[in-house]
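Listed below are the residues making up each chain.
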Amino acid sequence: MNITKKSRPAATRPEDQRLSIGSTFAYGFQHVLTMYGGIIAPPLIIGAAAGMSSQDIGLLIAACLFVGGLATILQTVGIRFFGSQLPLVQGVSFAGVSTMVAIVHGGGGIQSVFGSVIAASLIGLLITPLFSRIIKFFPPVVTGTVITTIGLTLMPVAANWAMGGNKAAPNYGSMANIGLAAATMAIVLLLSKVGNAAISRLSILLAMVLGTLIAFAFGMADFSKVGTGEIVAFPTPFAFGPPTFEIAAIISMLIVILVTLTETSADIIAVGEIVGTKVDSKRIGNGLRADMLSSAISPLFNSFTQSAFAQNVGLVAITGVKSRFVVSAGGLILVILGLLPVLGRVVAAVPTPVLGGAGVVLFGTVAASGIRTLSKVEYRNNMNLIIVAASIGFGMIPIAAPSFYDQFPSWFSTIFHSGISSAAVMAILLNLLFNHLKAGNSENQSVFVAGTGRVVQEDDLKCLADGDRFEGGKLIDCDGKEVPIQTSSKSEH
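Below, the structure is looked at part by part. Just so you know, these numbers come straight off a predicted model, no measurement behind them. (Residues numbered from 1 in each chain as written. Predicted model: local features only at pLDDT ≥ 70, side-chain atom pairs only at ≥ 80, totals over all residues. Heavy atoms only, no water.)

### A short note on the nonpolar core
- Core analysis: the biggest nonpolar cluster contains 98 residues, and I110, V113 and F304 have the highest contact counts within it.
- For this core, the element with the highest residue contribution is helix α8 (residues 247–275), accounting for 12 residues.
- Those residues in contact with V113, other than ones at most four positions away along the chain, are M100, I103, V104 and F304.
- Listed in part, the 7 residues of the second largest apolar core include I255, F394, Y405 and I415. (Core = buried A, V, L, I, M, F, W, Y, C linked by side-chain atoms within 4.5 Å. Buried < 20%, exposed > 50% of the residue type's maximum accessible area, 1.4 Å probe, protein only. Helix = DSSP H or I, 4+ residues; strand = E, 2+ residues; numbered from the N terminus. Contact = heavy atoms within 4.5 Å.)

### Some remarks on the packing of aromatic side chains
- Summed over all chains, the structure comprises 10 aromatic pairs.
- The interplanar angle of 70 degrees and the centroid separation of 5.5 Å between the aromatic rings of F66 and F234 together place this pair among those described as edge-to-face. Taken together, the positions of F66 in helix α2 (residues 54–77) and F234 in the loop between α7 (203–217) and α8 put the pair 168 residues apart, joining distant regions of the chain.
- Overall, the relative accessible area of 52% leaves F234 in the exposed class.
- Relative to Y405, the ring of F404 has its centre 5.0 Å away and its plane inclined at 80 degrees; by these criteria the two rings are edge-to-face.
- The exposure class assigned to F404 is partly exposed, which follows from its relative accessible area of 42%.
- Judged by its relative accessible area of 2%, Y405 is buried.
- Taken together, the aromatic side chains of F394, F404, Y405, F408 and F416 make up a single cluster linked through ring pairs. (Phe/Tyr/Trp six-rings, centres within 6.5 Å; stacked < 30°, edge-to-face > 60°.)

Structure follows, in structure tokens:
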């Protein structure tokens, strides 16, 4: 009698969940709204530094949306050797903005920026195997610290959005702007409490829509420019001329690429922790290669370095929607926005304070996810508390004092001006120092560790007998007699 065994179905990863088409694109659009302000800010800043016209800056913005969408699809769908297949949104990294502005002001112009991005990204593509092998140096004490820092470092962005986004505007920080942000945040919280799961998960998107309607009713939303300009426009390759390659610019951009690799590694690990899926060195390597390939190709379409957006990691955490195909849909929407500037102008009409109100919840969720990871860390008889304390404190320095590194060498300030990179570098180094290179570690560890819980020395336990107990501050033996406690000579002085 032949018995045929049924093959067990392959385990489905959380990120491979498929939703209905409507839900997929609704959640994907929510991702786009979350990162839209962040993806258009770099081309605005760099274009202004290069003295471009508003029309040319608009071309840069459309290019960044288009390339960001393609990079997102590559990262989430993945092909052989490229793409982490995780719900990560890609876009122009803030890490390189100051360096690109410096290259422009140095006389290289936008062509030199594009050339340095291409060259540095190709170098980054070659060194990704090194970065993909650092997974063993990212235990919960490191990942929790980095995730927490990601959330904390994004809070100034949310606060700036809530105040209006433009510090030169006369209404920056007005009660109207902050009130609109507060109303949006309140809507997020109220919708999150609704018993309907779909409404709760779409709370960010719905809150942005309702917040925009409130702003429009009070004259705080301007849709007048939506119809101005081209309806459809494909990014013209090398619209600003062929790239130029200057050694100094390439070296400066290579430092930015190292920062980008560090931040993306942290984001991949962070979203893996939130989704609850396995992230190994192979997966990190695939994600980093997708980052570098997208960055190397982006100047062809007049865009810049690509990196994972940390704020969208928070959206995954707060909505609980872990599907990578949702983010792929968001990438497709970005591509369409890049091809249809009119749709981009509609999204751009969402008032910045509305983004700020939603951002407070989103970015706070990232920090809360990091704290949840840190709760799994063992703090007894080790230096993990010091690792967490020093790393988060170090990561907060550029946030608390943005000019702290202004007098440092440019290569140093480029790396450590990012709070995320600062915390990641410090956490990795301290974890190596205290948990891998244990030579020199004392048995009693640091005085700070004593505060993490009560510790009894092993020698003290050897002096106790069966039945010994403490009552009213006195040591009583098994016969109920008090055992005298001899005071040490050290405590007498």
